Amino acid sequence: MTAEVMATVLRNIALLLDLKGENPFKTRAYNTGAEIVETFSGDIVARAAANDLKGVKGLGDALQQKLNELASTGKLEFYERLRAEFPEGILELYDVQGLGAKKIKLLWEQLQVGTLTDLKAACESGAVAKLAGFGEKTAAKILESLAFRESHADEFRLEQVAPTVEVILEMLREHPNVSRAGVAGSYRRAKETVHDLDFLVATKKPGPVMEDFVKMPMVAKILAQGETKSSVLLQSGVQCDLRAVTSAEYACAMVYFTGSKEHNVALRQRALARGLSLNEYALTPTEPGGESPECYDEADVYRALGLDFVEPELRENTGEIKAAEEGDLPRLVEISNLRGVFHNHTTASDGVNSLEEMAAEAQELGLQYLGIADHSKASFQANGLDEKRLRAQIAEIRRLNATYEGFRLFAGSEVDILKDGSLDFPDDLMAELDYVVASVHNVFTLPEAEMTKRIIRAIENPHVTMLGHLTGRLLLQRPSYAVNVPAIIDAAAATGTIIELNANPWRLDMDWRWWKLAKEKGVKCSINPDAHSTRGLHDVFYGVRLARKGWLTRSDVVNCLPLGQIEEILRGKKEGKGLREEGQG
Ligand code: DGT
Ligand code: CA
Ligand code: CA
Ligand code: ZN
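What comes next concerns the included structure. From a predicted model like this one, the values you see are computed outputs, not experimental measurements.

How each quantity is defined
Along each chain, residues carry numbers from 1 onward, in the same order as the chain's sequence is written. Whichever chain is written first is A, and whichever ligand is written first is 1; the rest continue in order. Only residues with pLDDT of at least 70 are given local features in this predicted model, and only at 80 or more are side-chain atom pairs given and counted; all residues enter the totals for whole chains, interfaces and linings. For the side-chain quantities, the full set of heavy atoms in the structure was used; hydrogens and water were omitted. Each helix is a run of H or I in the DSSP string that is no shorter than four residues. Each strand is a run of E no shorter than two, and both are numbered from the N terminus. In this description the radius of gyration comes from C-alpha coordinates, and the expected globular size is given by 2.2 Å times residues to the power 0.38. When a residue's accessible area, from a 1.4 Å probe over protein chains only, is under 20% of the maximum for its type it is buried; when over 50% it is exposed; and in between it is partly exposed. Note on contacts: a residue pair qualifies if any of its non-hydrogen atoms lie within 4.5 Å across the two residues. All accessibility values rest on the Shrake-Rupley procedure with a 1.4 Å probe; residue burial counts only the protein chains present in the view. Counted as positive: Lys and Arg. Counted as negative: Asp and Glu. His and the chain ends are not counted at all. Note on charges: their place is set at NZ of Lys, CZ of Arg, CG of Asp or CD of Glu. The nearness test applies per residue and asks whether one of its heavy atoms lies within 4 Å of the molecule or strand. Think of a polar contact as two N or O atoms within 3.5 Å of one another; within protein, one of them needs to be a possible hydrogen donor and the other a possible acceptor, and neighboring residues in sequence only count if both atoms come from side chains. As a working rule, the residues Ala, Val, Leu, Ile, Met, Phe, Trp, Tyr, Cys and Pro are called nonpolar, Asp, Glu, Lys and Arg charged, and the rest polar, with Gly in that last group. What counts as a domain boundary in this text is fixed by an automatic or database domain assignment. In this listing, donors mean N, O and S atoms no farther than 2.8 Å from the metal, or 3.2 Å for Na, K and Ca; water is missing from the atoms, so a site can look incomplete. Angular criteria define each label, namely tetrahedral for four donors with all angles between 85 and 135 degrees, square planar for four and octahedral for six donors with opposite donors over 155 degrees apart and remaining angles between 65 and 115, and irregular for whatever fails these tests. The convention used is that axes are lines fitted to C-alpha atoms, helices contributing only their stretch in contact, and that angles between N-to-C directions extend from 0 to 180 degrees. Each angle receives one of four descriptions, namely roughly parallel if under 35 degrees, roughly antiparallel if over 145, roughly perpendicular if within 65 to 115, and oblique otherwise. Note: crossing handedness is left-handed where the near helix turns anticlockwise from the far helix by less than a right angle, and right-handed where it turns clockwise.

1. Comments concerning the overall build of the chain
From N to C terminus, the chain includes 24 helices and 16 strands. On C-alpha atoms alone, the chain measures out to a radius of gyration of 26 Å, which is about the 25 Å that the 2.2 N^0.38 rule sets for 585 residues. Dimensions of the chain, computed from C-alpha atoms along their principal axes, come out at roughly 80 × 60 × 55 Å. Taking all 585 residues of the chain together, the buried fraction comes to 53%. Sequence-distant contacts, at least 24 apart, represent 68% of the contacts inside the chain between residues at least 6 apart. Split by element, the accessible area of the chain, about 25900 Å² in all, is 50% carbon and sulfur. Charge centroids of the chain, computed over 69 positive and 86 negative side chains, lie 2 Å from each other.

This is how it looks when you write it as structure tokens:
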């Protein structure tokens, strides 16, 4: 039994209870329990097995008993019985955009839809359209969502693979026959989703390394095993390739297998122009008698081509080679540059940790400030705050701030952008806040021009400090809504509005492809975890990687500013000053 499995069981119970129409407070208790199990600092499985969970905050008696049964027997009778009431595949239906407990229940009871395959068939036959509360439009949208998911079926988000990458890297680095090991491919380039994982080792004796690689406990299937390359399929469905080279080949191999393919092609052309041939193993002269540059690491390869070292995140052939030639590469932001984070939720709306717990975790992470931004009232499904509750939270934040030294909570709100672009709170209330994140959470189907107008209207409000998750996408699950991103960037530049880089690995929105343009226009970025728990604060790791991919430096990212300077940025737009220019202060 592992903490992850226990957490998954609790989450599945919550979903199944939802299907049965149980009281939302009950289902929330299971979700909170799952979060507690996952983030517990200590051996929660051993504690549960020993029935020693008394005093663990947030775990009631009923939950403690269930965790004890699960940890000591590996099974939970209550869960088994609940599962038996529904078909095996029913939980997959929750992944379909627009389907919640109520609709899934109807689909099951009326049409015996219990899997994604059933769902597709029922939509295609017209049965779903005829169901009360569904209709043609809903059925068409379900089909669209299914098609979107299918077209991304062999991709993974970063949070789905990052822990595995760490485990495999550690195994390889510690291997007695390995001198150097690294991860390459799209993962190293910080693509927002990846198809497969590519590992590289330098070794004199590949046999035993390959042997141990294919025997890793999480391997479900060996696809190929050889001296230079092996491939395995993990239980999670992710394919991993391992290539073995000699230490002398490692630098060129690392460049090659990191890619991107487009970057590689450009490098190879550049090499040829200099009388060199570059492949996955070496950089060699094309003419006999030419000199062979010695390359121990990647920087040597780039140097031999007359280039500065190009950070892996930039290797997409979008101008990095020219910049490397001219000594013009940006010094990319690093996680250690962050001084605080905005856009975080607490138990007041749909978060699982309290204000104090979130503040404690932020301090533990070495941050100087934490911006709270619970949902506003229009997000009723997320328990959004009304004016009275928000005012109470502001007061609570002011009270807590008096108790801190060298740390500060900023009172904010994630205010819904309503359909017409007006905001969910009046200006006088927003004026009391330290900052406002404005986000779209509903009516995703507006035509592009209308959606763009809607968002720009919100941006033009002087109280809107930053724009949340610009396109509403959920990676691999829901596409962006239609919106004119360059027009939004222009509006943000004109009004001094910050754009968020949402660090949640499901979002990573605004997309990295737009940041260069935003930066040129003078728009600043805020790397926002959008944390719904203390654990969620750690998502800034993904946010920083994508900010780097967007060419951003420390001075492009407002939450790299320390306390004492950040306040001015937060006030700037309200006071009509716009954003401070780079380099000042
Ligand atoms: P993905 O699709 O998320 O796995 O993306 P990558 O970039 O990891 O692609 P992958 O795993 O097929 O290959 C890893 C790297 O190997 C790729 O980024 C560049 C290099 N590579 C693979 N095939 C070719 C090729 O045909 N030509 C060149 N120049 N490089 C290649
Ligand atoms: Ca790959
Ligand atoms: Ca690959
Ligand atoms: Zn949001």
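2. Some words on the site of ligand 1
What surrounds ligand 1 is a group of 15 residues, the closest being Ser186, Arg189, His195, Asp196 and Asp198. For ligand 1, a nitrogen atom lies 3.3 Å from a polar atom in the side chain of asparagine 264. Coverage of ligand 1 by the protein chains reaches 70% of its 590 Å² of free accessible surface. Looking at side-chain class alone, the shell around ligand 1 contains three nonpolar, seven polar and five charged residues. Counting contributing residues, the shell around ligand 1 receives three or more from each of domain 2 (156-247) and domain 3 (251-325).

3. Looking at the coordination of the calcium ion (ligand 2)
Note on metal geometry: ideal angles are 109.5 degrees for four donors arranged tetrahedrally and 90 or 180 degrees for six donors arranged octahedrally. The protein atoms that coordinate the calcium ion (ligand 2) are Asp196 (O), Asp196 (OD) and Asp198 (OD), at distances of 2.1 to 2.7 Å. Here the calcium ion (ligand 2) binds six donor atoms, and the angle range of 69 to 167 degrees at the metal identifies the geometry as irregular. By relative accessible area, aspartate 198 is classed as buried at 11%.

4. Notes on the packing of helix H2 (residues 24-39) against helix H4 (residues 61-73)
Closest axis-to-axis distance for the H2/H4 pair is 11 Å, and the angle between their directions is 55 degrees. Taken together, the axes of H2 and H4 are oblique relative to one another. As for how H2 packs across H4, the hand of that crossing is right-handed. Listed contacts from H4 to Ala29, Tyr30, Gly33 and Val37 of H2 are Leu63, Lys66 and Leu67. When grouped by side-chain class, the residues that make up the contact of H2 with H4 number five nonpolar, one polar and one charged.

5. Section: the coordination of the calcium ion (ligand 3)
Within the first shell, the calcium ion (ligand 3) binds the protein through Asp196 (OD), Asp196 (OD), Asp198 (OD) and Asp241 (OD), at distances of 2.3 to 2.9 Å. One chain supplies every donor to the calcium ion (ligand 3), and in sequence these donors are spaced D-x1-D-x42-D. The distance between the calcium ion (ligand 3) and the calcium ion (ligand 2) is 3.7 Å, with aspartate 196 acting as a donor to both metals. Of the two residues, aspartate 198 is situated in strand S4 (residues 196-203) and aspartate 241 in strand S7 (residues 239-245); the sequence distance between them amounts to 43 residues. Aspartate 241 matches aspartate 198 in its accessibility class, with the two residues each being buried.

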